[in-house]
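Reading the structure
Here are the chains, one letter per residue:
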Amino acid sequence: MMFQHFPSRALRARLVLAILSALALIGALLAAPSPASAAPTPTATLSVSASTDPALLAALNGAPGASIPTVLTAANVRFEATVSLSAAQNKDTIVALSPQSGVGRLSTTQVVIPANATSVTVDETYDTATPALQLHADATNNNKIASGNSAAFRVESSLSVLTGGSSALTAGADGAGCTTVSAADPICGIVNLPNGTTTNAVMTIGPCITGTADCHTGNTVTQFIAGLTGLYTRDNPASMTLVCDKSLCGKGGVPHYTALWAQSATDTLTSAPACPSKGVIGADQDFCTDYVASTRDNAGDLLLVVLFVKDVRGTI
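Residues numbered from 1 in each chain as written. Predicted model: local features only at pLDDT ≥ 70, side-chain atom pairs only at ≥ 80, totals over all residues. Heavy atoms only, no water.

A word on empty space enclosed by the protein
Here the structure, examined in full by the defined rule, presents 1 cavity of 30 Å³ or more. In this structure, the largest cavity occupies an estimated 30 Å³ of space. Ser 67, Gln 223, Phe 224, Ile 225, Gln 263, Ser 264, Ala 265, Asp 311, Val 312 and Arg 313 together form the lining of the largest cavity. For the lining of the largest cavity, the secondary-structure elements that each account for two or more residues are β14 (220–225) and β21 (312–315). (1 Å grid on protein atoms, 1.4 Å probe; cavity = no way out; pocket = protein on both sides within 12 Å on 5 of 7 lines; lining within 4 Å. Points joined across faces, edges and corners; volume = space filled by probe spheres on them. Helix = DSSP H or I, 4+ residues; strand = E, 2+ residues; numbered from the N terminus.)

Encoded structure:
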């Protein structure tokens, strides 16, 4: 008689467990998703920068360099944008330009860097005033090129170029003599330059950065740029009258208000102290508020007079 050998119950249990474990492992391997492909290693990096329109710079030839912002522009006023690659590519690079910050629109939204080239410069405008615009550049036809942003720069509300010279010059920053200020545009500066300028001049009005020490909520900043060297002294200064709408400056007497002032494009605006007497800047002052000459007009708007001998930015 032949006997058939059967595995013991314990051995059978171990065999079943081993088979089930193997099947579970196979199932997990089959069900596991394929690993995500790693992001492509950048082959180059984009950078983007903005600069003042060369024609505008030429109009200011001779003005102090410290008084001219790196980018001098205003809403719908032309400036230049330069897009650069850290390494040339063997085909055209199509680049999309957009505002990294700000709510307005650019006039040029796409540029092409030709094959084997590393940069391109184009005319650009932005349609909205802002204290800090950044440009963003992104290669749309090559995901191995890293995108880039420009440094932030101001876009003024308005910009006027004034013909300079030795004759007396009186002008308002809004191009209309600051005859109208309002709650929406509360401050406008009128310069009085009895000895004229040595160059052409630029006046701007633009927003200040709300929440900073040199900006009161709702204010605007008036900027004046020109060559004044040798034309004015502390005893014979130039002046700017800051016209402030009564909605912002309608309460309290004239001495209640303080002008905020700077003499370069990048200096923080600081308080303009009181002048020692009418029409005179003190020996230890670079600029001052002439409270004797300051007043209110018939509409109740404040007219605050600041005396200076160098290019300025000012607000209240």
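Considerations on the packing of aromatic side chains
This model, assessed by the stated rule, comprises 4 aromatic pairs. What links up through ring pairs into an aromatic cluster is the set Phe 224, Trp 261, Phe 287 and Phe 308. (Phe/Tyr/Trp six-rings, centres within 6.5 Å; stacked < 30°, edge-to-face > 60°.)

Some points on the state of the cysteines
Under the counting rule described, the total for this entry stands at 3 disulfides. Each disulfide pairs two cysteine sulfurs, and for Cys 178 the partner residue is Cys 188, the sulfurs being separated by 1.9 Å. Here the S-S torsion is close to -60°, and the disulfide linking Cys 178 with Cys 188 is therefore left-handed. Residue Cys 178 is located in the loop between β11 (169–172) and β12 (187–193), and its partner Cys 188 is located in strand β12; the two are separated by 10 residues in the primary sequence. Here Cys 178 matches Cys 188 in class, with each residue buried. (Disulfide = S-S within 2.5 Å. Buried < 20%, exposed > 50% of the residue type's maximum accessible area, 1.4 Å probe, protein only.)

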